[in-house]
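Understanding the architecture of this molecule
For reference, the chains in residue letters:
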Amino acid sequence: MNNLVVLPMVIPVLAGILFVFFRYQITLQRWISFIVMVGNIGIAAYLLYLNQIEGIQRIDFSGWKPPFGISFVADSFSLILVLITSLVAAICLVYAFSSIGEEREKMYFYSFVNFLVAGVNGSFLTGDLFNLYVCFEIMLLASYVLIALGGEKAQLRESIKYVLINVLSSWFFLVAIAYLYGSVGTLSMAHISERIAEVGQTPLLTVISIVFLTVFALKAGLLLYFWLPGSYSIAPTAVAALFGALLTKVGIYAMFRVFTLFFYHDHSITHTFITVLAALTLIGGSIGAVAYKDIRLIVTYNVVIAVGFILVGLAVATPEALEGSIYYLMHDMIVKALLFLIAGTMIAVTGTTRIDEMSGLIRNYPLLGWMFFIVMLSLAGIPPLSGFIGKVLVGQGAIEAESYILLALAFISSIFVLYSLLRVFLQCFWGETIISSEDEVPMKKGWIIPCAILTIATIVLGLGAEIIFPYVSDAANTLLNPSDYIDAVLTQD
Amino acid sequence: MKTNNVILRAVVKLVVYIILTLAVYLFLAGHHSPGGGFIGGLVLAAALVLLFVSFDIETVRSAIPFDFKKVAALGAFTSVMTGFGSLLFGQPFLSQTFAYFDLPFFGKTELTTVTIFEAGVALVVVGVVVTIILSIVEDV
Amino acid sequence: METLTTILTGVLVSVATYLILSRSVLRVILGTAVLSHAAHLLIMSMGKGLKNGEVPILRDGASSYVDPLPQALILTSIVISFAVTAILLVLAYRTYRETGTDNLFELRGFKDE
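Below is a short write-up of the structure. (Residues numbered from 1 in each chain as written. Chains lettered and ligands numbered in written order. Predicted model: local features only at pLDDT ≥ 70, side-chain atom pairs only at ≥ 80, totals over all residues.)

Details of the overall build of chain A
Put simply, the test is: Strands here mean DSSP runs of E at least two residues long; helices mean DSSP runs of H or I at least four residues long; both are numbered from the N terminus. Taken over C-alpha atoms, the radius of gyration is set against a globule rule of 2.2 Å times the number of residues to the power 0.38. Residues with at least 20 other C-beta atoms within 10 Å of their own are called buried, those with 12 or fewer are called exposed, and the rest are partly exposed. The C-beta atoms themselves are positioned from the backbone.
Counting its secondary structure elements, chain A contains 21 helices and two strands. For chain A, whose C-alpha radius of gyration is 21 Å, the value lies close to the compact-globule estimate of 23 Å for 493 residues. When its C-alpha atoms are laid out on the principal axes, chain A stretches across 70 × 55 × 45 Å. For chain A, with 493 residues in total, the buried portion stands at 63%.

Here it is in structure tokens:
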């Protein structure tokens with residue numbers, strides 16, 4: 001029992017509630033939210049350290065022992081994601097301070113950001129399938145509000161579609177949970193895993209697993225990403241960065257959890273599905289990324305490509321590939337937030353979203369330009385930046401599993417990422433300077449500092465791989481050995 | 001538009017008390033039988049909505065001068081804090097406890113910390129329901 | 001009893017599908033509400049012992065009782081679908097006020113950009 005495990009979810013909830021009482025004290029809200037996120041980083045880091053010494057941490061709510069009660073289980077995989085989530089959220093908040101505008105801040109903006117983070121952290125930490133659904137809904141409800149907040153025409157129009165598609169996928173989630181409960185009679189994730197291992201993965205269970213796959217594919221944008229570009233490109237920059245960095249990753253996390261803990265017995269069916277979906281996502285995302293001239297759409301299609309790439313690791317499911325996927329997941333959360341922030345800043349300073357109307361920004365904003373360059377290299381997987389290690393490990397795993405088509409697609413997609421962003425770079429930062437120094441929009445410190453911190457983070461993640469790697473490898477190890485997870489949850493203490 | 005709804009108002013004045021009593025009963029019954037904070041809160045909110053429907057909003061506002069968003073927040077805060085309370089005693093998050101007390105007039109009564117949690121839930125429900133109804137109604 | 005509730009679930013799902021496929025936003029929202037009820041009914045029929053004719057409460061001297069977990073799940077899920085429906089209604093109303101249409105076909109977008 002360790003009560004710390006619940007804090008990454010409960011503290012943001014508490015902060016979000018408190019802000020209702022201090023609606024007009026904006027400065028107070030900003031500071032509290034920031035402190036909450038930084039505090040979460042500390043808690044996650046401490047728990048991660050504790051994990052290495054004492055093993056997987058767990059808390060049973062109200063002392064109801066699993067499988068009867070709801071518990072939060074913190075293994076390395078969850079904690080790594082909570083850590084990165086808190087980091088990204090803290091930095092996006094800093095960006096929001098100077099960009100989101102007082103209108104939105106007074107309409108409980110920070111409350112909903114806190115609820116969003118609470119939902120995301122809860123989804124990562126929970127050890128109960130139905131609780132996962134509830135945390136998903138907390139996250140989604142907050143995201144519905146954040147996407148519509150401001151009430152511009154385009155925002156409202158896209159938010160209706162976003163909400164409807166998510167209501168539908170949540171319905172599928174509920175149906176899948178109902179079927180699973182009907183067939184195994186439990187909802188504790190560890191207990192489900194144990195029961196499935198006992199009775200074997202019957203065809204019925206495999207069908208249920210495909211329903212789960214559909215749900216999480218919708219949430220993560222795995223092939224079913226048709227809703228993603230519209231809604232992610234319409235939100236304000238700081239919100240779009242949070243969405244791009246966090247929301248799809250929760251879907252990916254759930255997929256990793258479900259297909260390594262429950263449905264790992266019948267690779268020939270489930271993992272073939274994942275393989276095909278990942279391959280199609282890589283192709284579709286690559287086409288989308290090079291097809292558009294709207295920078296927001298280019299960036300959102302880059303999110304789609306990353307989803308495909310991470311799922312390649314799950315599809316081949318060798319230890320190296322899983323390590324690579326987890327590493328790439330960390331890298332992608334940081335870099336996608338950075339990419340969205342830089343793209344948003346470019347739109348803010350030029351007043352246009354089309355890349356053919358921007359040119360020569362590097363003369364006006366050299367720091368921004370070079371940071372974009374670093375992001376581009378990092379996403380393309382150039383050493384020593386953080387994208388490299390993930391890509392190498394996933395590639396190594398794919399070679400071991402002899403799935404060469406997937407390997408080829410994964411690396412061709414990297415070239416497409418490089419091409420799509422290089423096009424933005426050459427078009428927007430190079431070329432003739434169109435903004436004269438008189439009507440140059442001054443770069444705010446609040447815009448450039450968050451970007452700089454994230455740029456440093458991607459460099460550190462690349463150079464410090466040696467230090468981070470034991471944790472990643474432990475996370476992959478837990479995913480590959482479900483018995484570790486089950487033992488940690490079902491042993492009574 | 002002024003409509004003459006004397007009958008509705010006369011009935012509502014009486015019925016609201018019955019509904020409120022039912023709400024309190026359901027709330028207290030929730031510990032061992034069907035009922036509880038959520039349902040009690042819903043019934044309470046129904047009484048308030050009935051008031052808003054039969055009298056105009058301003059009148060009810062002046063009689064019940066709460067900001068219902070804050071009521072909801074207060075409820076949520078109470079509920080979460082009962083969870084934190086158990087942390088102080090080194091128990092798992094959300095742990096509840098109960099004991100029997102000899103109260104004057106009531107006799108031997110079972111008092112539990114769950115009641116505080118449930119009161120929070122009831123406040124959330126009331127606050128949220130009334131806020132939703134009011135925010136749509138006021139706009140038209 | 002299980003057969004009956006399953007058939008009813010199917011009916012609800014088909015009604016909801018019909019509503020969701022229509023163009024009016026309000027009908028779509030009603031469709032999602034019906035859809036969530038279908039899911040609740042499904043969860044209920046997944047619980048063991050629907051026809052015991054007992055309440056899901058274990059009292060002193062109770063000979064049998066219904067699995068209480070589905071009820072708990074449904075209650076949680078009702079609250080969530082209540083919140084989602086509320087937010088959808090307000091959103092649809094605001095969209096109608098801003099854009100002057102409740103026809104999903106006209107909300108496809110990119111015309112004004």
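Once you've had a look at it, read on.
Some words on the interface of chain B and chain A
Frequently, the measure chosen for interface size is the accessible area removed from exposure when the parts meet. Threshold: A residue pair is marked as a contact if its C-beta atoms, positioned from the backbone, fall within 7 Å. Here the nonpolar group is Ala, Val, Leu, Ile, Met, Phe, Trp, Tyr, Cys and Pro; Asp, Glu, Lys and Arg are the charged ones; every other residue, Gly included, is treated as polar.
Taken together, the 14 residues of chain B in the interface contact 14 residues of chain A. When grouped by side-chain class, the residues that make up the side of chain B that touches chain A number eight nonpolar, four polar and two charged.

Concerning the interface of chain C and chain A
Chain C puts 25 residues into the contact, and the matching count from chain A is 23 residues. Secondary structure elements with two or more residues in the side of chain C that touches chain A: α2 (25–46) and α3 (69–99) of chain C. Looking at side-chain class alone, the side of chain C that touches chain A contains 16 nonpolar, seven polar and two charged residues.

Things to note about the packing of helix α14 (residues 319–350) of chain A against helix α19 (residues 445–463) of chain A
Residues and elements named next belong to chain A. How we decide: Inter-axis angles, ranging from 0 to 180 degrees, are taken between N-to-C directions of lines fitted to C-alpha atoms, where helices are fitted over the stretch in contact. Between 65 and 115 degrees an angle is taken as roughly perpendicular, under 35 as roughly parallel, over 145 as roughly antiparallel, and anywhere else as oblique. Crossings are classed by handedness, with left-handed meaning an anticlockwise turn of the near helix from the far one by less than a right angle and right-handed meaning a clockwise turn.
Between α14 and α19, the shortest axis-to-axis distance is 9 Å and the interhelical angle comes to 150 degrees. Taken as axis vectors, α14 and α19 run roughly antiparallel relative to one another. In terms of crossing hand, the pair formed by α14 and α19 is left-handed. Contacts between α14 and α19 involve M330, H331, I334, V335, A337, L338, L341, I342 and T345 on the former and, on the latter, W447, P450, C451, L454, T455, A457, T458 and L461. Of the residues assigned to the contact of α14 with α19, the class counts are 13 nonpolar, four polar and no charged.

Things to note about the nonpolar core
All names here are of chain A. For the record, the criterion: Nonpolar cores are identified as sets of buried Ala, Val, Leu, Ile, Met, Phe, Trp, Tyr and Cys residues joined via C-beta atoms within 7 Å.
If you look at the biggest cluster of nonpolar residues, it comprises 257 residues, and the most contacted ones within it are I80, V88, C92, I334, A337 and I342. Looking at which element gives the most residues to this core, the answer is α14, with 19 residues. Setting aside residues up to four positions removed in sequence, A337 forms contacts with V88, I91, C92, A241, G244, A245 and L454.

Observations concerning unusual backbone geometry
Residues and elements named next belong to chain A. Put simply, P66 and P67 share a cis peptide bond, and its omega is 5 degrees. You can see P67 is positioned in the loop between β1 (57–60) and β2 (71–74). Here P383 and P384 are connected by a cis peptide whose omega angle stands at 5 degrees. Tracing the chain through its elements places P384 in the loop between α16 (366–380) and α17 (386–400).

Considering the environment of A:I59
Along the chain, A:I59 falls in strand β1. Take A:I59: there are 23 C-beta atoms within 10 Å of it, and that puts it in the buried class. Spatially, the C-alpha atom of A:I59 lies 4.9 Å from that of A:M1, the residues being 58 residues apart in sequence. Here A:I59 is in contact with A:M1, A:N2, A:N3, A:V5, A:V6, A:S71, A:F72, B:P92 and B:F93, once residues within four sequence places are set aside.

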